[in-house]
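Remarks on the overall topology
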Amino acid sequence: MNTTQTAAGQFRYVTPVRSQDATGRVAQVYARLADDFGMARMAVFLTLSPAPAVLAGTWALLRESLLAGPGSRTGREVVALGVSLANRCPFCVAAHTTLLHATGDHRLAETVAAGGVPADPGHAALLRWAKDGRVPAPFPADEAPGYVGTALTFHFVNRIASSLLTENLLPGNLQKSRLVRSVGGRAMSRTVRRELPPGAGLDVLDGLPSSPEPAWAAGTPVGTAYATLMAVAVTGGELLGEAARTAVTEAVAAWDGEHPPMGGDWLSGPLTGVPGEERPGARLALLAALAPYRLTDADVAAWRGAATTDEDLVRLVAFGAATATRHAEGVLTGTRVGAGGRSGR
């Protein structure tokens, strides 16, 4: 097993590509991170770097929805934080509490992070929708690429972070300090408040496969980025046998959206009928989809062998994360989303 710990104790199972060693698509994404996000090193993207296509698709979707999508940036950060709270991803909760501080609304940031209800009715409605996508969408259809795209970005990113990173956004868990979050937000305020041109991040996707664009973002940069990420991520299922792949997709399709019960008994049913040699991979992908915060060293060790690579692990986790994200898309938009990413009423 390849366990990596930096000074911040962030990376669990992969060795990120260092900035000075990055080439091609990875170097391109790293440069975009520095220019558009104001941070050359972001742990979620570093941990994806062994799989350049997944890295590029994830960055493009986050950039086009959260950073450049329609709707207010504060509102989109509320959605990112709400989804992260619902998915129990402390790493992303800390990050987007800080980014809400960066928008200038410090009280809103701490209210949402503490589980409270925002005073502003619009922000309260966005938070409620982000945490429970079954309620009506509180925004006009022309803003769906920004808000739905942001929600789905973090259904995917939360699962990557919970599977492959520790909770330590900052050394010593300093992100738990309200003062640190506030100061960090102020330091990023100028970058966060910039308006970025939509579509300028799509060049990192050149040459990658795509699936049909979703109706809620068709013809927009968000639609392009989402269709590409889903097409790229689903290929991670190729690392599983057919029985294992089917077990994962069927279990997620039947999922009621609730967090699975404690213990591992809930995995037994979906994995019945999966050959023994395929079970470790199926278990890992299913955990990434439905309970990534419960993925353990033992789960990774049971799947990893001499023939597997960091890229394989990222791709397999991305397959589970994308399968769950497509399920979330169906809930958020009132559509049914099949294994191939195609949706319909």
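Because the structure is predicted, anything quoted here is derived from the model rather than measured.

Describing the nonpolar core
W59, W129, F156 and L313 are the most contacted members of the largest nonpolar core, which has 106 residues in total. Once you skip the residues sitting within four places of it in the chain, W59 turns out to touch V29, R32, L33, D36, F37, F45, L67 and V204.

Observations concerning the packing of aromatic side chains
For the coordinates displayed, the defined rule picks out four aromatic pairs. One aromatic cluster is present, built from ring pairs that chain together W129, F139 and Y147.

Some points on the confidence of the model for the protein chain
Looking at the protein chain as a whole, the pLDDT averages 88, with 88% of positions reaching at least 70. Contacts from residues 1-8, a stretch scored under 50 in pLDDT, to residues over four places away or in other chains number 22 contacts.

Examining unusual backbone geometry
Despite not being glycine, R88 has its phi angle at roughly 55°, a positive value. Within the secondary structure, R88 is located in the loop between α4 (73-86) and α5 (90-102). You can call R88 partly exposed: its relative accessible area is 44%.

Side note on helix α3 (residues 52-67)
Residues that lie three or four places apart on an α-helix share one face, since the helix turns once every 3.6 residues. Here α3 spans 21 Å end to end across 16 residues, near enough to the 22 Å set by a 1.5 Å rise per residue. Burial runs high along α3: 14 of the 16 residues are buried.

Section: the environment of A289
By secondary structure assignment, the location of A289 is in helix α13 (residues 279-290). Considered as a pair, A289 and T249 are 40 residues apart in the sequence and their alpha carbons are 9.5 Å apart. Sequence-distant contacts of A289, that is, excluding residues within four places in its chain, are made with R159, V252, G320 and A324.

Let's talk about empty space enclosed by the protein
Counted according to the given criterion, the structure contains one cavity of 30 Å³ or more. One number sums up the size of the largest cavity: a volume of about 60 Å³. Looking at the largest cavity, it is lined by 10 residues, and the ones nearest its centre are D36, L67, R73, T191 and V192. At the level of secondary structure, the elements contributing two or more residues to the lining of the largest cavity comprise α1 (24-37) and α9 (178-192).

Re the packing of helix α8 (residues 144-164) against helix α10 (residues 221-234)
Two numbers describe how α8 lies on α10: the axes approach to 10 Å, and their chain directions differ by 20°. Put simply, α8 runs roughly parallel to α10. Crossing handedness for the pair α8 and α10: left-handed. Contact residues: α8 offers P145, G149, L152 and F156, while α10 offers V222, Y226, L229, M230 and A233. Grouping the amino acids of the contact of α8 with α10 by side-chain chemistry returns eight nonpolar, one polar and no charged.

Thoughts on α8
Between the first and last C-alpha of α8 there are 29 Å, a value that for 21 residues agrees with the 30 Å anticipated at 1.5 Å per step. Among the 21 residues in α8, 21 count as buried, and that is most of the element.

The rules behind the values
Residues numbered from 1 in each chain as written. Predicted model: local features only at pLDDT ≥ 70, side-chain atom pairs only at ≥ 80, totals over all residues. Heavy atoms only, no water. Core = buried A, V, L, I, M, F, W, Y, C linked by side-chain atoms within 4.5 Å. Buried < 20%, exposed > 50% of the residue type's maximum accessible area, 1.4 Å probe, protein only. Contact = heavy atoms within 4.5 Å. Phe/Tyr/Trp six-rings, centres within 6.5 Å; stacked < 30°, edge-to-face > 60°. pLDDT = per-residue confidence, 0-100. Helix = DSSP H or I, 4+ residues; strand = E, 2+ residues; numbered from the N terminus. Expected span 1.5 Å × (residues − 1). 1 Å grid on protein atoms, 1.4 Å probe; cavity = no way out; pocket = protein on both sides within 12 Å on 5 of 7 lines; lining within 4 Å. Points joined across faces, edges and corners; volume = space filled by probe spheres on them. Axes fitted to C-alpha atoms, helices over the stretch in contact; angles between N-to-C directions. Parallel < 35°, antiparallel > 145°, perpendicular 65-115°, else oblique. Left-handed = near helix turned anticlockwise from the far one by under 90°. Nonpolar A, V, L, I, M, F, W, Y, C, P; charged D, E, K, R; others polar.

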